[in-house]
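The lines below spell out each chain.
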Amino acid sequence: MENNNMGELKCRNRKQVHLFYCMECEELARKVATHSEFITLQSINWRNFDDGFPNLYINNAHDIRGQHVAFLASFSSPAVIFEQLSVIYNLPRLFVASFTLVLPFFPTGSFERMEEEGDVATAFTMARILSNIPISRGGPTSLVIYDIHALQERFYFGDHVLPLFETGIPLLKQRLHQLPDANKIVVAFPDDGAWKRFHKLLDNFPTVICTKAREGDKRRVQLKEGNPADCHVVIVDDLVQSGGTLIECQKVLVANGAAKVSAYVTHGVFPKRSWERFTQKNEEKGFAFFWITDSCPHTVKAIGNTAPFEVLSLAGSIADSLQI
């Protein structure tokens, strides 16, 4: 009886959220809505004037007054950022009770530091832009981001936003426990940065740490510590671009006795269709599995169900974050 009362109380405390989304995120938004009866999808007319600049219209703008509102964004290229920012800056001004921006992939995150005078830290620029989202009636914007690239970037945001840093690792752990060789899993980190970012979330698995050694203009991956012999080794990182580091890491692990190698990244960026280099059929050298999330919808659409890729959806996690 007490558990039933707790469940009823939890349901009563849940808020009805009106979720808007960019065109690229429509499929993900629909998945998010299926996870909760408290999420209602709303739409935007994404149009352009003849000169190419956005001509946008927020449908049902009057009906969302006093309501909890969210926007699911994908900054997959500079071309789509401006039109989405125009909507993001407008929604909190419509007298909404609260505003949440879900940006699963913070795209400029790998450009977070200056190594010499003249370098531009575009991650800091993006953080400043997002920090100036207008405050809604409910206060600062809640900003949901998954597995941000550099840990220090969480301090780039100003007081007008409340960043909520989530992770896709629970999805990976759930999938690993479903594998027939779950008791033979070893987690490998391609560098110390990945280890710092994820090791506490994966401390129930044995680990291997690799390192990159510079040889002239090239970087060679070496095994730093741990033993991959006779195990299913899963390389874990936050994102992949060309995939060169993952491939070199896989070679080192196989050379040190790994029975098979898989990979997980939260953000499958894969510019210029670089994911294709992982689809070549090669029993000795290929990846057994390559898990990504749907934080980069354009990649998911391009890859489809092509082996060895499997998509672990963030939809349930996003639905939960909208209730915080």
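Every chain's residues receive numbers from 1 upward, in the order its sequence appears when written. Owing to the predicted nature of the model, reporting of local features is limited to residues with pLDDT of at least 70; listing and counting of side-chain atom pairs is limited to 80 or more, with chain, interface and lining totals taken over all residues. Note that the side-chain values use all heavy atoms of the structure and ignore hydrogens as well as water.

### Observations concerning the domain arrangement of the protein
1) Next: Domain extents, as shown, originate in an automatic or database domain assignment. Under the domain assignment used here, the protein contains domain 1 (3–166 + 316–322) and domain 2 (169–293).
2) Next: A separation of 30 Å is found between the C-alpha centroids of domain 1 and domain 2.
3) Next: Here, residues are in contact when the closest pair of their heavy atoms is within 4.5 Å. Between domain 1 and domain 2, the residue contacts involve eight residues of the former and eleven residues of the latter.
4) Next: Each of two parts loses accessible area, computed with a 1.4 Å probe, when they are put together; buried area is these two losses added. Roughly 730 Å² is buried in total at the junction of domain 1 and domain 2, and carbon and sulfur atoms are behind 58% of that figure.
5) Next: Salt bridge, as used here, is a side-chain nitrogen of Lys or Arg placed within 4 Å of a carboxyl oxygen of Asp or Glu. Connecting domain 1 to domain 2 are zero salt bridges.
6) Next: Think of a polar contact as two N or O atoms within 3.5 Å of one another; within protein, one of them needs to be a possible hydrogen donor and the other a possible acceptor, and neighboring residues in sequence only count if both atoms come from side chains. Our enumeration of links across domain 1 and domain 2 arrives at three residue pairs in polar contact (both at pLDDT 80 or more).
7) Next: Throughout, the ten residues Ala, Val, Leu, Ile, Met, Phe, Trp, Tyr, Cys and Pro are labelled nonpolar, Asp, Glu, Lys and Arg are labelled charged, and all others, Gly among them, are labelled polar. Considered class by class, the residues forming the side of domain 1 that touches domain 2 number five nonpolar, two polar and one charged.

### Considerations on the nonpolar core
1) Next: By convention a nonpolar core is built from buried Ala, Val, Leu, Ile, Met, Phe, Trp, Tyr and Cys residues, the set being connected through side-chain atoms within 4.5 Å. Think of it in three bands: residues with accessible area under 20% of the maximum for their type are buried, residues over 50% are exposed, and the middle band is partly exposed, with areas taken using a 1.4 Å probe on protein chains only. Ranked by size, the top nonpolar core spans 69 residues in total, and within it Phe-71, Leu-91, Phe-106, Leu-130 and Val-236 carry the most contacts.
2) Next: Formed jointly, this core draws a minimum of three residues from each of two domains, domain 1 (3–166 + 316–322) and domain 2 (169–293).
3) Next: Setting aside residues up to four positions removed in sequence, Leu-91 forms contacts with Phe-20, Ile-58, Ile-64, Val-69, Phe-71, Val-96 and Phe-99.
4) Next: In terms of nonpolar packing, the next biggest core, distinct from the first, is built from 27 residues, Leu-246, Ile-247, Ala-263 and Ile-292 among them.

### A look at helix H3 (residues 78–90)
1) Next: With 13 residues, H3 ought to run about 18 Å at 1.5 Å a step, and its terminal C-alpha atoms sit 19 Å apart, in line with that.
2) Next: The set of residues buried in H3 consists of Ile-81, Glu-83, Gln-84, Leu-85, Val-87 and Ile-88.
3) Next: In this structure, the buried side of H3 is in contact with strand S3 (44–48), strand S4 (54–58), strand S5 (68–72), strand S6 (98–102) and helix H4 (122–131). Helix numbering and strand numbering both begin at the N terminus, where a helix is a DSSP run of H or I of at least 4 residues and a strand a DSSP run of E of at least 2. Here, expected helix span is obtained from the residue count minus one, scaled by 1.5 Å.

### Considerations on the sheet that holds strand S7 (residues 141–146)
1) Next: Ordered in space as S2-S1-S5-S6-S7-S8, the six strands form an open sheet in which the pairing is parallel. In this open sheet, the two edge strands, each paired with only one partner strand, are strand S2 (39–41) and strand S8 (161–166). Across the sheet, the axes of successive neighbouring strands diverge by a mean angle of 25°, strand direction being ignored.
2) Next: Bridge analysis of S5 against S6 gives five bridges, and the strand direction is parallel. The partner of Phe-71 across the bridge, within S6, is Leu-101. The rule for pairing is simple: two strands pair if DSSP sees at least two bridges between them. To get an axis, a line is fitted to the C-alpha atoms, and for a helix only the part in contact is used. The angle between two axes follows their N-to-C directions and goes from 0 to 180 degrees.

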